[in-house]
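Report on the structure
Each chain, letter by letter, is given below.
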Amino acid sequence: MTDDLLEDAIVRFEEALPHAALSEDARERLSRPASSLKVSIPVRMDDGSLETFAGYRMRYDDTRGPAKGGIRFHPGVTAAEVTTLAFWMTFKTALMDLPFGGGKGGVAVDPKRLSPAELERLSRGYIAAIADVIGPDVDVPAPDVATNELVMGWMAHEFAKIHRGHQPAVLTGKPQALGGIPGRASATSDGAFHVIRTVQPRMLDDVEHPSAAIQGFGNAGAQLAGRLADAGWRVVAVSDSSAAIHDPAGLDVGALVDHKADTGALTDAPVGEEIAAEDLLALEVDALIPSALEGAINGDNAESVRARVVFEVANGPVTAAADRILDEAGVQLVPDILVNAGGVTVSWFEWIANRTGDRWSAEEVARRLEERMVTETAAVVAVADERDLPLRTAAYVHAIERLSRSMDATGTSTLFSDAER
Ligand code: GLU
């Protein structure tokens, strides 16, 4: 990814500005990241050699609370990508009214190339390298692409060793045995499901069994496919980096989940037909659900999209250029900072539980997640209707106005009138 990614992200912010009440101070403060850290992580490999990996932790803004956001392990990780992801987290946490700012971390590595022991040494080395800039009151990492609760467990354990004491609230998405919370692993897909269900009567009210094509069969994509199928949707296509599988009658999602668990990939799946990855994006479906990486739907392929609605489960899967093409073609879009906010929302519950020394039940997590997702989805829809805006712009307006109120409350510019100064 290049610097264009951040520029592209800032376009959405700027598009929302004319519609939002935002002070000059807040606008200035939101125009660049608060802090950027790049580290080198030397890792002893199993063959005895030493390999060094580049790692990052970026804090975009922390006015509303400690920075919050995941850690990504991917070969394409760069400073610009992590900064952009931290930018999106800033708006996501404000949109959900969580007491957090936005941050993100990442390591440029292909985790599939590492043995489990090498992955553990890399995870611990990364936390040791960024330990000075994270903490329960400062910046609270979590899982993202290719990091999971096992990785969070190693990292929390390493942080406790460095600080010579337990600080479980430093990281969320931990295993339950180490202070994690029930429902965190399914939180992103559960949250997306609540958003989809809330807007469905408005966007897809004429179909009883809507069809969906899902790009990305990782944690969020695969679980959402299952939830939609259980709710009577026809999941007609799914894909991962190995293959795209299609069946117009609806795929047996359970069989695909089992196949992926057994073999690590969708290729040679026991159900459906293989199609080209690009063809999945062009299917005539009610919902297209990009759940993999940023930029999947871009200026080059957006014209092929024939879905009625795009639900962004990944962060940033539709570029600003693609937004315009989809809009002209009448394709509706529900944005990432709302659709995938269930993950960070349940991270908030985990952070609260860790700080109070409490345990939350699965029922409590599910109830409060649903309530929060439905409330904020309705708020975004209300902004869209009142100000006649697309849902992405409405989501940014809603988040920007919360950010602006918090920023103004910390500053002096709004306290005194010109005459008093
Ligand atoms: N990585 C997730 C996201 O992009 C979750 C972040 C968190 O829980 O802090 O929203």
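Okay, so let's go over this structure. Quantities reported herein were computed from a predicted structural model and do not represent experimental measurements. (Residues numbered from 1 in each chain as written. Predicted model: local features only at pLDDT ≥ 70, side-chain atom pairs only at ≥ 80, totals over all residues. Heavy atoms only, no water.)

The subject of this paragraph is the site of the ligand. Around the ligand lies a shell of 14 residues, among which Lys68, Lys92, Pro143, Asp144 and Ser347 are the nearest. The side chain of Asp144 places a nitrogen or oxygen atom 2.8 Å from a nitrogen atom of the ligand. Between Arg184 and the ligand, the recorded distance is 3.0 Å, taken from a side-chain N or O atom to an oxygen atom. If the ligand stood free it would expose 300 Å²; the protein chains cover 95% of that surface. Counting residues per element, the ones that place at least two in the shell around the ligand are strand S3 (67-74), helix H3 (79-95), strand S5 (139-143) and helix H12 (342-356). Considering only residue class, the shell around the ligand consists of four nonpolar, five polar and five charged. (Near = heavy atom within 4 Å. Polar contact = N/O pair within 3.5 Å; in protein donor to acceptor, adjacent residues only side chain to side chain. Areas by Shrake-Rupley, 256 points an atom, 1.4 Å probe, with all protein chains shown as cover. Helix = DSSP H or I, 4+ residues; strand = E, 2+ residues; numbered from the N terminus. Nonpolar A, V, L, I, M, F, W, Y, C, P; charged D, E, K, R; others polar.)

Time to look at the packing of helix H1 (residues 4-16) against H3. Two measures define how a pair of helices packs: the angle their axes make with one another and the distance between the axes. For the pair H1 and H3, interaxial distance at closest approach is 8 Å and the crossing angle is 20°. In terms of orientation, H1 and H3 fall into the roughly parallel class. Here the hand of the crossing between H1 and H3 comes out left-handed. Each of Leu5, Leu6, Ala9, Ile10 and Phe13 in H1 lies in contact with H3, whose residues at this interface are Glu81, Thr83, Thr84, Phe87, Trp88 and Phe91. (Axes fitted to C-alpha atoms, helices over the stretch in contact; angles between N-to-C directions. Parallel < 35°, antiparallel > 145°, perpendicular 65-115°, else oblique. Left-handed = near helix turned anticlockwise from the far one by under 90°. Contact = heavy atoms within 4.5 Å.)

What follows concerns the packing of H1 against helix H10 (residues 320-328). The contact between H1 and H10 brings their axes to 9 Å, and the two run at 55°. The orientation of H1 relative to H10 falls into the category oblique. Residues Asp8, Val11, Arg12 and Glu15 of H1 form the contact with H10, whose own contacting residues are Ala320, Asp323 and Arg324. Per-class residue counts for the contact of H1 with H10 are two nonpolar, no polar and five charged.

With that out of the way, let us pick up the sheet that holds strand S4 (residues 101-108). Paired through their backbone hydrogen bonds, the strands of a sheet run either parallel or antiparallel. What the five strands build is an open sheet, ordered S1-S2-S4-S3-S5; its pairing is mixed. Strands at the two margins of the open sheet, each flanked by one partner only, are strand S1 (35-44) and S5. Across the sheet, the axes of successive neighbouring strands diverge by a mean angle of 25°, strand direction being ignored. In terms of strand pairing, S1 meets strand S2 (residues 50-61) through ten bridges, oriented antiparallel. Residue pairing for S2: Ser36 is matched across the bridge by Met58. (Pairing = 2+ DSSP bridges.)

Moving on: the packing of aromatic side chains. Describing an aromatic ring pair means giving the distance of the ring centres and the angle of the ring planes. Enumeration according to the criterion identifies eight aromatic pairs in this entry. Each ring, one from Phe87 and one from Phe91, has its centre 4.8 Å from the other, and the planes form 55°; the classification is tilted. With Phe87 and Phe91 both in helix H3 and four residues apart, the pair spans about one turn of that helix. Classification of Phe87 by relative accessible area gives buried; the value is 0%. Measuring from centroid to centroid gives 4.9 Å for Phe100 and Trp351, while their planes differ by 65°, and the two rings are edge-to-face. Of this pair, Phe100 sits in the loop between H3 and S4 while Trp351 sits in helix H12, and the two are 251 residues apart along the sequence. Each member of the pair, Phe100 together with Trp351, is buried. (Phe/Tyr/Trp six-rings, centres within 6.5 Å; stacked < 30°, edge-to-face > 60°. Buried < 20%, exposed > 50% of the residue type's maximum accessible area, 1.4 Å probe, protein only.)

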